[in-house]
Amino acid sequence: MSNYFGNYSLYIALIASIYLIIKSYIDTNINIKNLNKNLVLITSVQTVMIIISFISLVVAFIISDFSNETVFNNSHTLKPLFYKISGSWGNHEGSLLLWLLVLSVFLYIFLLKSRSQNTKYRLLTLLFQQIIISGFLIFILLTSNPFNTVFPIPSEGLGLNPILQDPALAIHPPILYFGYVGTSIIFSTSLAALVAGNIGDSWAKHIKSWVLVSWIFLTIGILLGSIWAYYELGWGGFWFWDPVENVSLMPWFCLTALLHTVIVLEKRNLFKEWTIILSITTFSLSMSGTFLVRSGILNSIHTFANDPSRGIFILSFLFVLVIMSVTIFFFNQKKLTSTIKNSFIISKETAILVNNWFMMFFLSVVLVGTIYPIFLEVLNGSKISVGPPFYHNLLIPFLIPFLVFMSFGPSLKWIKDKLKKFEYNLLIIFLASILISYFILINAEKKFLLSVPLIILSFYLLLVTINDFFNKKSSLSQKISHFGFSLLITSILLNGLFSNEFNANMKVGEERKFNDKVIKLNSVNVRDIDNYKSLKANFEIKNQNSFIQLSPEVRIYQQPFTITSEADIKTTLFSDNFLVFNILKDDGYYNVRYQYKPVMIWIWISTILISIGGLLSLIKKNEKKY
Amino acid sequence: MKKNIKFISLLLSLIIVFIILLKGLNVSKDYSNEKLNSKIDFSFKVKKLFNDEVINIEDLFNQEDLSVVNIWASWCAPCKDEHPNLMQLKDMNIKVVGINYKDNPKNAKNFLNLLGNPYSEIITDKDGTKSIEFGAIGVPETIVINGKTKSIIKKFIGPLSNENIIEIKSLINEKT
């Protein structure tokens, strides 16, 4: 029953979409004063239809309706209710339906929130957004319909990948999608503003909330994905430069650049073309992300759908959008009246431009690392795998100038500033950071010359951002975000420098020495739980002044047959103790991996701080309005 | 005019990217057939890791049957990850010839003492040239060789997964 509801409401939504495209196109060409009420009405009908369709899918998952192919392939009656629900967007078809849902809801919110804006601009945004929505609707209906039926109705489903049964992962895709899809509004509005010719400070003010919203969601989405990888995959790291991770990081760099550029546009009416280019690029990168992940073109741990017809559709659709936006950009460029204003080298404008250059550099590195293997394979058939060393070698040295710029750039004034003559404060901070770094680095096992300036500068930036809380030069939101960012860089560096790992095969009762610690495997208990068999081990890790017990687990699922390792992680403010074990064979030996990871928790905390800064800015912006 | 040239060149480069990605969709993710069927030159000599004995590479492989070759190094982290899987092959009585790639013999021996030795024979490849004879591009890599035709019938780049192990097992059993 829910299959019919879901399916037909999608068709109704498609019809609405086609009507809206035609109608809004006609309306933009005849100068009308106010937005036709029908347009808003039909948009809300469309949104409701898509919501109905999404709810039908969730209901089908909850009641385990195996006449639905998506439910049959991805669910199982034994699965806990929470994961039945999250399973509805944990698969290819459902996740696209979620994309679509967020697209239409965001458009509806846009129409409600933009009443004070120019009518032509609103109509054009509606038009561009509907083009995207119809593309996704056709894609879903043609190649990935979540409401395909199975006959005869199977009595049991094929289960969901147990790796995906994790709370962080259950909410990670929707949050990430809010971020991705938010960029679609930025894309549509910037094209619309370009055509309507109202790119300027007031538009920047209007669009800034959308940039902030997408940026916050994207930041949290990436954070959740990273947390999932750390706790669930059991590889003992938070970032692997996996293509699927990179794909979410690329729009983030672009969006961060945009977030800063929009401020210049708002305050100084500068960088108009650059803002448009960034808006188009951000959305194209989000779409490419969907393409790369969903088409199966990448080899990655996140193995998703692998159906070439889907890939061809998304790829063609992506290029239609890109070529459309490039064409619109070129033919409307002259509408951008360049307002040449006095700007000097030493000014906030320049500082933000420098920030943008760095973001673009980071973006290019990640883009090359992700895309180049695909190109090479097509062009000469050779297979390469780009791993962490590539990214580290290219990104880390450039962190040094980046940290230097970030330490003074944000405090510069608009238009023209002088280089500060001499500040005792900063000198003291600099000396303090050298001192701190000295005590940290003499304890480091891995000694690299590069880590000296990096650690010194990251501490310097950290102290400077703390110091900034005591002056009134910038807004609180900016202070928090920048402080969060410097904390993030410092934590990542310390974590990389002081992490160490122990790896061995052990029997129950065996003891091994590692650095100044002794690791002992006390016992392994086997139990049957709900839908899996559990092997829970008990380890103790001792040194002179501490004693930790860790109980990692191995789960053997039957539906489908999968073995997963649940790492046990003891977190303190200073460090994480991470232990994961694996079954080798039946002779009583287990493969044990123990990792010591300093300041792990601060990586999460600092990322949360970064997004809190964004949230504050958003709240403040909305307060001003009323 | 200048703008048109810019626009057209941008459009053209976009189309090229589109075509490459489109082709990329159809590239098979498996390594098999034409490129791999090249013959291996079995006429060189190799040194064993444990007793420094020099032998003909030919003597290591079963002339009538399939052999599995694994290229590894103690410094290679993914090799550690695939190690339990190699041990599984040993338990299934599948002989694996190890090529120790650009490694320090002492570290290599320590590695095996710590994690167990899954190989029936191990030869050293101090400068990496022996591995090139097998068409390897990095570590770890696992190759299934047909001793009769002296050709590579299957190549696994990167650490072996559980599925790869099942595949190797079925390959070996098919032929025997």
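Counting starts from 1 at the beginning of each chain's written sequence and moves along it residue by residue. Key to labels: chains lettered from A, ligands numbered from 1, both in the order written. For this predicted model, a pLDDT threshold of at least 70 governs which residues receive local features, and a threshold of 80 or more governs which side-chain atom pairs are given and counted, while totals over whole chains, interfaces and linings are taken from all residues. Side-chain metrics in this entry use all non-hydrogen atoms of the structure; hydrogen atoms and water are not considered.

For the rest of this paragraph, the subject is the overall build of chain A. Across its full length, chain A carries 17 helices and 10 strands. Radius of gyration means the value over C-alpha atoms here, while the globule rule gives 2.2 Å times the residue count to the 0.38 power. For 626 residues, the compact-globule estimate of 2.2 N^0.38 gives 25 Å, and the C-alpha radius of gyration of chain A, at 26 Å, lies within 12% of that figure. The buried label applies to any residue whose accessible area, calculated with a 1.4 Å probe on protein chains only, is under 20% of its type's maximum; exposed applies above 50%, and partly exposed to all values in between. Within chain A, buried positions represent 60% of all 626 residues. Sequence-distant contacts in chain A: of pairs separated by 6 or more residues, those separated by 24 or more amount to 73%. Residue-level accessible areas treat just the shown protein chains as cover; the underlying method is Shrake-Rupley with a 1.4 Å probe. Accessible surface, chain A as shown: approximately 26800 Å² in total, 66% of it carbon and sulfur. The charge count treats Lys and Arg as positive and Asp and Glu as negative. His and the chain ends do not count. To locate a charge, take atom NZ for lysine, CZ for arginine, CG for aspartate or CD for glutamate. Charge centroids of chain A, computed over 49 positive and 33 negative side chains, lie 14 Å from each other. Working definition: helices are DSSP H or I runs of at least four residues, strands are E runs of at least two. Numbering for both runs from the N terminus. For this analysis, residues touch if any pair of their heavy atoms sits within 4.5 Å.

Each assigned domain of chain A is listed here: domain 1 (1–162), domain 2 (166–230 + 246–337 + 352–379) and domain 3 (500–600). Here the limits of each domain have been adopted from an automatic or database domain assignment. Each of domain 2 of chain A and domain 3 of chain A was reduced to a C-alpha centroid, and the two centroids are 40 Å apart.

All names here are of chain A. Pairing between strands is defined by DSSP: at least two bridges between them are needed. Read from one edge to the other, the open sheet built from four strands follows the order β1-β10-β9-β8, with strand pairing classed as antiparallel. Looking at the sheet topology across the chains shown, the edges are occupied by β1 (500–506) and β8 (568–571). Each neighbouring strand pair of the sheet contributes to a mean axis angle of 10°, computed without reference to strand direction. Where β1 and strand β10 (residues 590–598) come together, seven bridges link them in antiparallel fashion. Between N-to-C directions, angles cover 0 to 180 degrees, with each direction set by a line fitted to C-alpha atoms, over the stretch in contact for helices.

Turning next to the confidence of the model for chain A. Per-residue confidence from the predictor is given as pLDDT, running between 0 and 100. Put simply, chain A has an average pLDDT of 86, and 92% of its residues get 70 or more. Of all secondary-structure elements in chain A, the lowest mean pLDDT belongs to strand β7 (residues 561–566) of chain A, at 74, while helix α2 (residues 37–62) of chain A reaches the highest, 94.

This part covers the sheet that holds strand β1 (residues 45–48) of chain B. Residues and elements named next belong to chain B. What the seven strands build is an open sheet, ordered β2-β1-β5-β4-β3-β6-β7; its pairing is mixed. Where the open sheet ends on each side, the last strands, each with one partner, are β2 (54–56) and β7 (151–157). Strand after strand, the sheet turns through a mean of 35° between neighbouring axes, direction not considered. Bridge analysis of strand β4 (residues 96–101) against strand β5 (residues 121–125) gives five bridges, and the strand direction is parallel. Note on β5: the bridge partner recorded for Asn100 is Thr124.

As a further point, take unusual backbone geometry. Residues and elements named next belong to chain A. Residues other than glycine seldom take positive phi values, yet Ser64 does so here, at roughly 50°. According to the relative accessible area criterion, Ser64 is buried, its value standing at 12%. A positive phi angle, near 60°, is found at Asn269, a position not held by glycine. Here Asn269 shows up in the loop between α9 (243–268) and α10 (272–295). We classify Asn269 as buried; its relative accessible area is 15%.

This part covers the packing of aromatic side chains. All names here are of chain A. Here a Phe, Tyr or Trp ring, Trp counted by its six-membered ring, pairs with any other such ring whose centre lies within 6.5 Å, and the pair is stacked when the planes are under 30 degrees apart, edge-to-face when over 60, and tilted otherwise. Within this structure, the stated rule accounts for 46 aromatic pairs over all chains. Between Phe430 and Tyr460, the ring centres sit 5.4 Å apart and the planes meet at 90°, which makes this aromatic pair edge-to-face. Taken as a pair, Phe430 in helix α14 (residues 424–441) and Tyr460 in helix α15 (residues 451–468) lie far apart in primary sequence, 30 residues in all. A relative accessible area of 33% places Phe430 in the partly exposed class. Of the residues examined, Tyr460 reaches a relative accessible area of 12% and is grouped as buried. On the numbers, 5.5 Å between centres and 70° between planes, the contact of Tyr438 with Phe439 is edge-to-face. What links up through ring pairs into an aromatic cluster is the set Trp215, Trp252, Phe253, Phe358, Phe361, Phe362, Phe398, Phe402, Phe405, Phe408 and Phe485. Over a ring means this: the NZ of a Lys or the CZ of an Arg is within 6 Å of the ring centre and within 35 degrees of the ring normal. Directly above the aromatic system of Tyr596 lies the positively charged group of Lys517, at a separation of 4.3 Å from the ring centroid.

Once their charged atoms are close, side chains differing in charge can pair, the charge on each being opposite to the other. We define a salt bridge as a side-chain nitrogen of Lys or Arg found within 4 Å of a carboxyl oxygen belonging to Asp or Glu. According to the stated counting rule, one finds 11 salt bridges over all chains in the structure shown. Across the salt bridge formed by Asp27 of chain A and Lys23 of chain A, the nearest N and O atoms sit 3.7 Å from each other. One end of the pair, Asp27 of chain A, and the other, Lys23 of chain A, are both in helix α1 (residues 2–29), four residues apart, so they sit about a helical turn from each other. Note that Lys48 of chain B is salt-bridged to Glu53 of chain B, the shortest N-O span being 3.8 Å.

Relative to the helices and strands, Thr275 of chain A is located in helix α10. Identification of polar contacts relies on pairs of N or O atoms within 3.5 Å, with a donor-acceptor requirement for protein atoms, meaning one able to donate a hydrogen and the other able to accept it, and with residues adjacent in sequence counted only if both atoms are side-chain atoms. For Thr275 of chain A, the side chain forms a polar contact with the main-chain oxygen of Phe271 of chain A, separated by 2.6 Å.

A few words now on the packing of helix α13 (residues 388–408) of chain A against helix α16 (residues 476–498) of chain A. Any two packed helices are characterised by the angle at which their axes cross and by the distance between the axes. Residues and elements named next belong to chain A. Where α13 contacts α16, the axes come no closer than 12 Å and their chain directions differ by 150°. Viewed along their axes, α13 and α16 adopt a mutual orientation that is roughly antiparallel. Viewed along their axes, α13 and α16 form a crossing whose handedness is left-handed. Contacts between α13 and α16 involve Leu399, Phe402, Leu403 and Met406 from the former and His482, Phe485 and Ile489 from the latter. Across the contact of α13 with α16, the residue classes tally to six nonpolar, one polar and no charged. Any angle that is under 35 degrees is reported as roughly parallel, and any over 145 degrees as roughly antiparallel; angles of 65 to 115 degrees are reported as roughly perpendicular and all others as oblique. Two helices crossing with the near one rotated counterclockwise from the far one by less than a right angle form a left-handed crossing, whereas a clockwise rotation gives a right-handed crossing. For this scheme, ten residues count as nonpolar: Ala, Val, Leu, Ile, Met, Phe, Trp, Tyr, Cys and Pro. Four count as charged, namely Asp, Glu, Lys and Arg, and the remainder, Gly too, count as polar.

A word on the environment of Gly237 of chain A. All names here are of chain A. Mapped onto the elements, Gly237 comes out in the loop between α8 (201–233) and α9. Once the C-alpha coordinates of Gly237 and Gln595 are considered, the two residues, 358 residues apart in sequence, prove to be 9.6 Å apart. Excluding its chain neighbours within four sequence positions, the residues that come into contact with Gly237 are Ala229 and Tyr230.

A few words on the environment of Tyr101 of chain B. All names here are of chain B. In this structure, Tyr101 sits in strand β4. Each C-alpha atom of the pair Tyr101 and Pro140 lies 9.1 Å from the other, and the pair is 39 residues apart in sequence. Excluding its chain neighbours within four sequence positions, the residues that come into contact with Tyr101 are Ile71, Trp72, Ala73, Trp75, Asp125, Gly128, Ser131 and Val139.

The next point concerns helix α5 (residues 92–113) of chain A. Structurally, the α-helix is built with 3.6 residues per turn, so residues lying three or four positions apart point the same way. Residue and element names in this part refer to chain A. What a helix is expected to span follows from its residue count: subtract one and scale by 1.5 Å. An ideal rise of 1.5 Å per residue puts 32 Å on 22 residues; α5 measures up with 32 Å between its terminal C-alpha atoms. Of all 22 residues in α5, 17 are buried, a share of seventy percent or more. By the N-cap criterion, in which a side-chain oxygen at the helix start approaches the backbone nitrogen of a residue two or three places on, α5 is capped by Asn91, the distance to Glu93 being 3.2 Å.

Time to look at the nonpolar core. Core analysis: the biggest nonpolar cluster contains 163 residues, and Trp99, Leu100 and Phe136 of chain A have the highest contact counts within it. When neighbours within four sequence positions are excluded, Trp99 of chain A is seen to be in contact with Phe136, Tyr177, Tyr180, Val181, Phe283, Ser286, Met287 and Thr290 of chain A. Of all hydrophobic cores here, the second largest spans 43 residues; its members include Val69, Ala73, Ile99 and Ile165 of chain B. What makes a nonpolar core is a set of buried Ala, Val, Leu, Ile, Met, Phe, Trp, Tyr and Cys residues whose side-chain atoms join them at distances within 4.5 Å.

Residues and elements named next belong to chain A. Residues enter patches when they are more than 30% accessible in relative terms and free of salt bridges; like-charged ones are connected within 9 Å and nonpolar ones (Val, Leu, Ile, Met, Phe, Trp, Tyr) within 5 Å. Together, Met1, Tyr4, Phe5, Tyr8, Tyr11, Val48 and Ile52 make up an exposed nonpolar region whose accessible area comes to about 780 Å². Among the secondary structure elements, those contributing two or more residues to the nonpolar patch are α1 and α2. It is α1 that contributes the most residues to the nonpolar patch, four residues altogether.

Before going further, it helps to examine α9 of chain A. Residue and element names in this part refer to chain A. An ideal rise of 1.5 Å per residue puts 38 Å on 26 residues; α9 measures up with 38 Å between its terminal C-alpha atoms. For α9, the tally of buried residues reaches 24 of 26 residues, placing the bulk of the element in the interior. N-cap assignment for α9: the residue whose side-chain oxygen lies 3.0 Å from the backbone N of Val244 is Asp242. Trailing α9 by a residue or two, Asn269 shows a phi angle of about 60°, which is positive.

Right, let's talk about the pairing of β7 of chain B for a bit. Consecutive side chains of a regular strand alternate in pointing toward one face of the sheet and then the other. Residues and elements named next belong to chain B. Most of β7 sits out of view: five of its seven residues are buried. Of the pairings in the sheet, the one linking strand β6 (residues 141–146) to β7 comprises six bridges and is antiparallel in character. Directly across from Val144, in β7, lies its bridge partner Lys154.

For residues with low pLDDT, the predicted coordinates do not support detailed interpretation. Residues and elements named next belong to chain B. Considering every residue of chain B, the mean pLDDT works out to 78; 88% of them sit at 70 or more. Low pLDDT, under 50, characterises residues 29–37; the stretch is placed with 17 contacts to residues that sit more than four places away or in other chains. This complex was scored by the predictor with a pTM of 0.79 and an ipTM of 0.74.

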